[in-house]
Amino acid sequence: VVAGILGLALFLDPIQNLFQRWGTSEELSHSYFISLISAWLIWTNKEAIGQSIGKPSLVGLFLIIAALVLRLLGELIHFYFLQQVGLIVFIAGVAAGLGGRSLLRMLAAPIGFLIFAVPPPNWVMTLLSLEFQHISSELGVAMLRWANVPVYLTGNIIDLGVYKLQVEEACNGLNYL
């Protein structure tokens, strides 16, 4: 309970940023379920997890220190991604600090799965968006060519001779990912 309160106090701003980004971006709307899936993974294995609790490990202390460094560094350079990764490292550190390496090993998958809830930095999203938009264009052209339709691709513009189609950002593939 103390570790939970401490973690919430230390990482409140990054957690609020997570919820804000999840709520305003269609590409991240799945993230609400990531923590629920992690909790479900823990719940379904609660007996094995209970049996894996060992004596506290110094690994937990080192992970908590690393989490605090990520939190501080992220705060200094205004980079929420580092702070949010620090939250996950903090959770791992608490697990190792309370239940040892055996508990950390048992919780590695549910804790590691939380990384999928952390939104990538905006510049990564932009690069991925452009690349996926190009892939969507190429897939569309490949399907048209497969149907024996003469087509030419220039960037994200599909040229059908009489008509020109532009592949919009909505088709960037991030929604499908």
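Scope of this entry: the structure provided in the associated data block. (Residues numbered from 1 in each chain as written. Predicted model: local features only at pLDDT ≥ 70, side-chain atom pairs only at ≥ 80, totals over all residues. Heavy atoms only, no water.)

## A short note on a nonpolar patch on the surface
The criterion, for reference: Like-charged residues are merged into a patch within 9 Å and nonpolar side chains (Val, Leu, Ile, Met, Phe, Trp, Tyr) within 5 Å, provided each residue has over 30% relative accessible area and no salt bridge. Residue burial considers only the protein chains on display, and all accessible areas are found by Shrake-Rupley using a 1.4 Å probe. By definition, a salt bridge exists where a carboxyl oxygen of Asp or Glu is found within 4 Å of a side-chain nitrogen of Lys or Arg. Labels follow the DSSP assignment, with helices taken as runs of H or I lasting at least four residues and strands as runs of E lasting at least two, numbered in each case from the N terminus.
Taken together, the side chains of Phe 19, Tyr 32, Phe 33, Leu 36 and Ile 37 make up a nonpolar region of the molecular surface, amounting to roughly 500 Å² of accessible area. Per-element accounting of the nonpolar patch gives the leading share, four residues, to helix H3 (residues 31–44). With respect to the helices and strands, Tyr 32 occurs in helix H3.

## Here we look at helix H7 (residues 122–146)
Side chains three or four residues apart in an α-helix point the same way, a direct result of the helix having 3.6 residues per turn. The criterion, for reference: What a helix is expected to span follows from its residue count: subtract one and scale by 1.5 Å. We call two residues contacting when some pair of their heavy atoms lies within 4.5 Å.
With 25 residues, H7 extends 36 Å between its outermost C-alpha atoms, agreeing within 8% with the 36 Å of an ideal straight helix rising 1.5 Å per residue. Taken together, the buried residues of H7 touch helix H2 (12–24), strand E1 (152–154) and strand E2 (157–159). Phi turns positive one or two residues past the end of H7, at Asn 148, with a value near 60°.

## Focus: the nonpolar core
The tendency in soluble globular proteins is for nonpolar side chains to be buried as a group. Cut-off, in case you're wondering: Side-chain atoms within 4.5 Å are what join buried Ala, Val, Leu, Ile, Met, Phe, Trp, Tyr and Cys residues into a set we call a nonpolar core. Only protein chains enter the area calculation, which uses a 1.4 Å probe; residues under 20% of their type maximum are buried, those over 50% are exposed, and those in between are partly exposed.
Core analysis: the largest hydrophobic core is formed by 25 residues, its most contacted members being Phe 11, Ala 95, Leu 107 and Ile 111. Where this core is concerned, the elements lending two or more residues are H2 and helix H6 (80–113). Ranked by residue count, the leading element in this core is H6, at 13 residues. Excluding residues within four positions of it along the chain, Ile 111 makes contact with Ile 88, Ile 91, Ala 92 and Ala 95.

## Quick look at the sheet that holds E2
This is how the line gets drawn: Note: two strands are recorded as paired if DSSP finds a minimum of 2 bridges between them. A fitted line through C-alpha atoms serves as each axis, taken over the contacting stretch for helices, and the angle formed by two N-to-C directions is quoted from 0 to 180°.
Ordered by their spatial adjacency, three strands build an open sheet running E1-E2-E3, and the pairing between neighbours is antiparallel. On the outer flanks of this sheet lie E1 and strand E3 (164–166), each paired with one strand and no other. The average angle at which neighbouring strand axes cross in this sheet is 20°, direction not considered. Pairing analysis gives three bridges linking E2 to E3, with the strands arranged antiparallel. Paired with Asp 159 across the bridge in E3 is Lys 164.

## A look at the side chain of Arg 21
This is how the line gets drawn: Whenever a nitrogen or oxygen atom comes within 3.5 Å of another N or O atom, the pair is scored as a polar contact, on the condition that within protein one atom can donate a hydrogen and the other can accept it, and that pairs from neighbouring residues in sequence are kept only if both atoms are in side chains.
Here Arg 21 lies in helix H2. One polar contact links the side chain of Arg 21 to the main-chain carbonyl oxygen of Pro 120, over a distance of 3.2 Å. Here Arg 21 is in contact with Leu 28, Pro 119, Pro 120, Asn 122 and Met 125, once residues within four sequence places are set aside.

## Notes on the environment of Gln 83
For Gln 83, the position within the fold is in helix H6. For Gln 83, a relative accessible area of 2% corresponds to the buried category. C-alpha separation for the pair Gln 83 and Ile 15, spaced 68 residues apart in sequence, amounts to 9.0 Å. In this structure the side chain of Gln 83 is engaged in a polar contact, spanning 3.1 Å, whose partner is the backbone oxygen of Gly 74.

These figures capture arrangement, not role.
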